[in-house]
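Spelled out from the first residue to the last, the chains are:
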Amino acid sequence: MPLRRIAVLGLTILILTLTLGGSRGNSGPPAPAVAAPVAAVPVVAEHREPTVQPSVPSPMASPSASSPVIATGDGPAGTVRKTGSDAVALTFDDGPWDDTPAVLDLLAQHRVKATFCMVGRQVAARAEMVRRMVAEGHTLCNHSWSHDEMLRTRTPDQIRSDMQRTNDAIRAVAPGAVIGYFRAPGGNWSPGIVSIAAGLGMTSISWTVDPRDWSGPGVQSIVNTVLTKTRPGGIVLLHDGAGPQTVAALRTILPDLAGRFTLIALPAPTSVAQTLR
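Below: a short report on this structure. The structure displayed is predicted, hence computed values, not measured ones.

What follows concerns the side chain of H239. By the secondary structure assignment, H239 is in strand β6 (residues 235-239). For H239, a relative accessible area of 7% translates into the label buried. A distance of 2.7 Å separates polar atoms of two side chains, one belonging to H239 and the other to D213. Discounting residues that sit within four places of it in the chain, H239 has contacts with F92, D93, D94, D213, W214 and T246.

Take the nonpolar core next. In terms of nonpolar packing, the biggest core is built from 47 residues, with L90, F92, F116, F182 and I193 touching the most fellow members. The greatest single-element share of this core, amounting to six residues, is contributed by helix α8 (residues 244-260). Discounting chain neighbours no more than four positions away, the residues touching I193 are L151, R152, I159, M163, F182 and A184. Among the nonpolar cores identified, the runner-up in size contains nine residues, and A71, V80, C117 and C141 belong to it.

Turning our attention to the pairing of strand β1 (residues 88-95). The buried fraction of β1 amounts to eight of the eight residues, a majority that puts the element mostly inside the structure. Pairing analysis gives two bridges linking β1 to strand β7 (residues 263-264), with the strands arranged parallel. Residue A89 lies in a different strand from β7, and its bridge partner there is I264. When β1 meets β6, the two strands line up parallel, connected through five bridges. Note that in β6 the partner of T91 across the bridge is L237. Of the pairings in the sheet, the one linking β1 to strand β2 (residues 115-118) comprises four bridges and is parallel in character. Opposite D93, over in β2, you have C117 as the bridge partner.

Mapped onto the elements of the fold, D99 is located in the loop between β1 and α3 (100-109). The buried charged residue D99 lacks any salt bridge partner; its closest oppositely charged side chain belongs to R251, at an N-O distance of 8.6 Å.

The next subject is the packing of helix α7 (residues 219-229) against α8. At a minimum axis separation of 8 Å, α7 and α8 run at an interaxial angle of 25 degrees. Taken together, the axes of α7 and α8 are roughly parallel relative to one another. The two elements α7 and α8 cross, and the hand of that crossing is right-handed. Residue-level inspection shows V219, I222, V223, V226 and L227 of α7 in contact with α8, the latter providing Q245, T246, A248, A249, T252, I253, D256, L257 and R260. Class assignment for the residues of the contact of α7 with α8 results in nine nonpolar, three polar and two charged.

Attention now goes to the packing of aromatic side chains. In the structure shown here, the tally under the stated rule is two aromatic pairs. Ring centres of F92 and F116 lie 5.3 Å apart, and the angle between their planes is 20 degrees; this geometry places the pair in the stacked category. Placement of the pair is F92 in strand β1 and F116 in strand β2, with a sequence separation of 24 residues. The class of F92 is buried, set by a relative accessible area of 0%.

A separate point is the pattern of salt bridges. In total, this model carries ten salt bridges according to the counting rule given. Put simply, D74 and K82 hold a salt bridge, and the shortest N to O gap is 3.5 Å. Looking at D74, the relative accessible area reads 43%, which means it is partly exposed. R132 is paired through a salt bridge with E136; the nearest N and O atoms lie 2.7 Å apart. Several salt bridges converge on common partners, so that one network encompasses D74, R81 and K82.

What counts and what doesn't
- Along every chain, residues carry numbers that run from 1 in the direction the sequence is written.
- Reporting of local features is limited, given that this is a predicted model, to residues whose pLDDT is at least 70; pairs of side-chain atoms are given and counted only at 80 or more, and all residues count toward the totals for whole chains, interfaces and linings.
- For the side-chain quantities, the full set of heavy atoms in the structure was used; hydrogens and water were omitted.
- Helix and strand labels come from DSSP, where a helix needs a run of H or I of at least four residues and a strand needs a run of E of at least two; each type is numbered from the N terminus.
- Buried residues are those whose accessible area, probed at 1.4 Å on protein chains only, stays under 20% of the maximum for their type, while exposed residues exceed 50% and partly exposed ones sit between those limits.
- Polar contacts, as counted here, are pairs of nitrogen or oxygen atoms within 3.5 Å of one another; within protein the pair requires one atom able to donate a hydrogen and one able to accept it, and residues that are adjacent in sequence qualify only if both atoms are side-chain atoms.
- The contact criterion used throughout is that any non-hydrogen atoms of two residues lie within 4.5 Å.
- Working definition of a nonpolar core: buried Ala, Val, Leu, Ile, Met, Phe, Trp, Tyr and Cys residues. They are joined through side-chain atoms within 4.5 Å.
- What makes two strands pair is DSSP finding at least two bridges between them.
- Under the convention used here, Asp and Glu are negative, Lys and Arg are positive, and both His and the chain ends fall outside the count.
- For salt bridges, the criterion is a side-chain nitrogen of Lys or Arg within 4 Å of an Asp or Glu carboxyl oxygen.
- Every axis corresponds to a line fitted to the C-alpha atoms, with the helix fit spanning only the stretch in contact, and the corresponding angles, defined between N-to-C directions, vary from 0 to 180 degrees.
- Angles are sorted into four bins: roughly parallel if under 35 degrees, roughly antiparallel if over 145, roughly perpendicular if 65 to 115, and oblique for all others.
- Rotating anticlockwise by less than a right angle from the far helix to the near helix defines a left-handed crossing, while the corresponding clockwise rotation defines a right-handed one.
- Here the nonpolar group is Ala, Val, Leu, Ile, Met, Phe, Trp, Tyr, Cys and Pro; Asp, Glu, Lys and Arg are the charged ones; every other residue, Gly included, is treated as polar.
- Under the pairing criterion, centres of Phe, Tyr and Trp rings, with the six-membered ring standing for Trp, must be within 6.5 Å; the plane angle then separates stacked pairs below 30 degrees from edge-to-face pairs above 60, leaving the rest tilted.

Okay, structure coming up:
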């Protein structure tokens, strides 16, 4: 009988050992269930950080105070060709050039601010003229790198590169300069070129008065066209890179227009949408 008891006792110990071992073996699986949420927290947080919430408007939809506001108008391809008030804006294309200082002198003499649409490849050699424009409160405008009148036919990347290269050239000589406007060479617009300019923070501007001073029509022709065709809210196209006829014409144009209109530089980009149409 003692042997039977020993056998029973041994069997009992074996059963208890298996039972206890099984409990310890089952304790493993619940642990991952507890640990899993903890491990997932940082991953979810990192994923959410760069995500823009639907309730937060994008910069294009609601610009900050330092972002340019892009305006569209009733000119070709949605370009702006009016100042949005009774004020008149004088704009000068194709510079900076040899006659630009004389134009700046006359503007200073009559206390008039204007807008200069510059050709990028001409900027570095006339850096002081650009810095003077900025210092005297004139508005800067991008007029392409090399006055490529076929720019609108280039690929989007080529158009964007041309515009950016011009902006970079201007800011290289006038760090921090605000360039809120673009004008296509020859006025050759397309919706694509206007859209690309907008993507670079520039409003595309056209004009209402063009005396074609670049063609050398004579001083009196330039004067007559500007004085008879300028209306409240107009944008006048002139050329500081056209030669001495424009400078001579300005001696009559500036005092006459200043006596009849408020002459302005186009407004800073942050207020474009409120002032131009």
